[in-house]
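# Remarks on the overall topology
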Amino acid sequence: MADQKAPQMQATLGLTGLTSNAMALIAPGAFLWLTFYLQASTGVANQPSTAPDMWIGIFAALLLCLATAVAYAEISKLYPGTGSSYYYAEQAMLSKDKAFKYARIAKFIVGWGSHLYYWVYPGVMVAVTGIFVGYVVGFLYPSFINGSNPGPVFTSLVAIVFSFFVAWIASKGAGASTAVNLAINIVQISALIVFSVLALGYRSSHPTGAPAFQYDGQTLATYTCQFATAKDGTTSRDASGNPICAVDSAGKPVPYTISYPTTDSSGNFLTHPNAASVVKVHRFSWMFIQATVAILILVGFESVTSMGGEAKNPTKHIPIAVIASLLIQGLFCYLFEYFCANYFLNSGYTMQSAATSAAPIGDMMIIVGDGLLGHGNGKYFMLVEAFTVFLALIGTTLSCMNTGARVTYAMGKDEEVPEHFGLLHAESLSPRRAIWTLAVISAVIGVVALSMAFGDASAPTDASIAALPHNIFSSFGYSTHDKMAGLPNTLLAITLTSNFGTFILYGLSCLLCIIAYSERHDKHLLKHYLIPGFGLLANLVCMAFYLAGPFFNLGTKMEPLTALGISGVWGLYGAVYFLRASKAKGKDVLLSAKQHVSSSS
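Residues numbered from 1 in each chain as written. Predicted model: local features only at pLDDT ≥ 70, side-chain atom pairs only at ≥ 80, totals over all residues. Heavy atoms only, no water.

### Comments concerning the overall build of the chain
Counting its secondary structure elements, the chain contains 20 helices and 2 strands. The buried share among the 601 residues of the chain stands at 59%. A fraction of 78% describes how many contacts in the chain between residues 6 or more apart in sequence connect residues 24 or more apart. In the form shown here, the chain has an accessible surface area of approximately 21900 Å², with 66% of it arising from carbon and sulfur atoms. (Helix = DSSP H or I, 4+ residues; strand = E, 2+ residues; numbered from the N terminus. Buried < 20%, exposed > 50% of the residue type's maximum accessible area, 1.4 Å probe, protein only. Contact = heavy atoms within 4.5 Å. Areas by Shrake-Rupley, 256 points an atom, 1.4 Å probe, with all protein chains shown as cover.)

Here it is in structure tokens:
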């Protein structure tokens, strides 16, 4: 066991601090910008997009998360301590007269499975940060890199630097992280509400047939004229790459007028014709597919349960923080912001435009900014909002690293993973070894995710690839549209891997809540059986979609199957590691007597 005289975590976090850390991980300011294009390009066979059900998919994922949040809140009342579900699994089993012997194996399964989420998720975040920075740099320096399709070399370098930068902040301790997260929450929520209101206003003030802006993804700018087209249907451009305006019989530019078509001639979804279309279920299969992606933007409410050792009043404040963070960020911020962004879509910027852009929300900000500040000034509005998104990225990655490192720390204290992970730094009282290890893992996963971030349905056209600046930072890694479309979108595959780990963890946590209260006098049918039972079932259904979906032409095939393969390898490796480590340390897999084997509390 680890030396008990070693530094111990201190209780410094109140309700505000705990809620801020969870809210930072469920960061609407980051995810609305970063995952919109992933959701826009998530498709089914012979129909590239399930995006009509983006909003309702988020709502379905929110219901799943709320059920899971109730399970976390209820179980945290019983077992306040560091380690979240890993710690809960042990304590729930030890509280039973017959099931206690499974305490060690249960907590290892939960802890190991949770790492598929907590170790992969930060990698997703540093990857999308690389794309985000690529978009902004491409906007400012288009001759160096293309903002809509930034190169994997440049974005990977950003991901590596960002991973270690966030780890440096996390290593300073929970106090420093909490202060950063609280400030970021205020800024990013305010900024995204401003954008959402403007997007809603743009749609309301531009009825069909009204003069409006048409967006060009290559130049990242808006135009008030219709574009001339070449014989192959592509936009005609001048020597500088700017689109050429179509002209009438008098030689004057043809003004661009807005419309809201539902689909194009090929059946690809373009825009919502009305507000009801945004929120309704178009197909239940599409809703489930969108939910399996949308879970990424809602996870994090449980992160405060890993900070039980740093909470002043864990049994009272942690349950409140779990529910409050999800309600504020998910029920209010996400549903409002995603409604406005989807409702904004128009003929000048369609869902197909969003599916092939690195930052659809950035594009939309330029359009609404031009409408508010005058043509050509939308870029300033976008850059200000982009700064707040970058702050949100710091907050959400920081919160996730803190959570993942603390789960690894709890397992290290129990010697279920190498013991050095269970040590705290003497001054910051943070699990620095776990944090820096997670930084390396995040950087590697980020690079893998960015290797083909525009594969499959989001593959750019050959014309867009040919227009990329020809240098190693911009064009290296791009081949042809057909070749890239035939390869899995690595960012989506890694995202789905993280999401699959989330479903495993959340499903097990709902089950643990049921087990924990099963023999208690204070058990409640709704809170301890029905709601966690719904959460368990919903998580299992979403997991089943990974396997069944590709074989029934429900969703893309390559990415979920890749995610399942990675998850299977991780699970197999965990089983082998657990059995070998148990034998080497002389530890029983099944307990022979009821005893506390955890030092997490």
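### Looking at a nonpolar patch on the surface
Together, L157, I160, F164, F165, W168, W436, V440, V444, V447 and V448 give the surface a local cluster of nonpolar side chains, amounting to about 830 Å² of exposed area. Of all the secondary-structure elements, those providing two or more residues to the nonpolar patch are α7 (152-170) and α15 (432-450). Mapped onto the elements, V440 comes out in helix α15. (Patch = residues over 30% accessible without salt bridge, like charges linked within 9 Å, V, L, I, M, F, W, Y side chains within 5 Å. Salt bridge = Lys/Arg side-chain N within 4 Å of Asp/Glu carboxyl O.)

### Re the confidence of the model for the chain
The pLDDT averaged across the chain works out to 86; a share of 89% of its residues lies at or above 70. Of all secondary-structure elements in the chain, the lowest mean pLDDT belongs to helix α1 (residues 15-25), at 75, while helix α9 (residues 275-279) reaches the highest, 97. pLDDT under 50 marks residues 597-601. Its contacts with residues more than four places away, or in other chains, come to 21 contacts. (pLDDT = per-residue confidence, 0-100.)

### Let's talk about the packing of helix α5 (residues 103-118) against helix α18 (residues 490-517)
Helix-helix packing is described using two parameters, namely the angle between the two axes and the distance between the axes. The contact between α5 and α18 brings their axes to 7 Å, and the two run at 145 degrees. The interaxial crossing formed by α5 with α18 has left-handed handedness. For the pair formed by α5 and α18, the contact residues are I109, V110, G113, S114, L116, Y117 and Y118 on the first element and T497, S498, F500, G501, T502, I504, L505, Y506, L508 and L512 on the second. Its residues assigned to classes, the contact of α5 with α18 shows 11 nonpolar, 6 polar and no charged. (Axes fitted to C-alpha atoms, helices over the stretch in contact; angles between N-to-C directions. Left-handed = near helix turned anticlockwise from the far one by under 90°. Nonpolar A, V, L, I, M, F, W, Y, C, P; charged D, E, K, R; others polar.)

### Thoughts on helix α10 (residues 284-298)
Given 3.6 residues to a turn, an α-helix orients residues that are three or four positions apart in the same direction. With 15 residues, α10 should cover 21 Å at 1.5 Å per step; its first-to-last C-alpha distance of 20 Å lies within 8% of that length. After α10 finishes, the residue G300 shows a positive phi value of roughly 125 degrees. (Expected span 1.5 Å × (residues − 1).)

### Quick word on the environment of I75
You can see I75 is positioned in helix α3 (residues 54-78). Along the primary structure I75 and Y88 are separated by 13 residues, whereas in three dimensions their C-alpha atoms are 7.3 Å apart.

### Things to note about the state of the cysteines
Summed over the entire model, instances satisfying the criterion amount to 1 disulfide. There is a disulfide in this structure between C225 and C245, and the S-S distance comes to 1.9 Å. With the S-S bond torsion at -65 degrees, the cross-link from C225 to C245 turns out left-handed. Of this pair, C225 sits in the loop between β2 (221-223) and α9 while C245 sits in the loop between β2 and α9, and the two are 20 residues apart along the sequence. A relative accessible area of 5% means that C225 is categorised as buried. Look at C245 and you get partly exposed, because its relative accessible area is 27%. No disulfide involves C510; its sulfur sits 7.5 Å from that of C513, the nearest cysteine. (Disulfide = S-S within 2.5 Å.)

### Overview of unusual backbone geometry
Of note in this structure, L220 is not a glycine but carries a positive phi near 55 degrees. By the element assignment, L220 lies in the loop between β1 (214-216) and β2. One non-glycine residue with positive phi stands out, namely E415, at about 60 degrees.

### Notes on the pattern of salt bridges
Going through the model one piece at a time under the given rule, you end up with 7 salt bridges. A salt bridge links K107 to E90; its shortest N-O distance comes to 3.8 Å. Of this pair, K107 sits in helix α5 while E90 sits in helix α4 (residues 85-94), placing them 17 residues apart in sequence. For K107, a relative accessible area of 1% gives the class buried. By relative accessible area, which is 0% here, E90 ends up buried. Among the ionic pairs, D216 bridges to R237, the shortest N-O distance being 2.6 Å. Highlighted residues: D216 in strand β1 and R237 in the loop between β2 and α9, separated in sequence by 21 residues. Classification of D216 by relative accessible area gives buried; the value is 4%. Among the charged side chains, a salt-bridge network with shared partners connects E90, K107 and D414.

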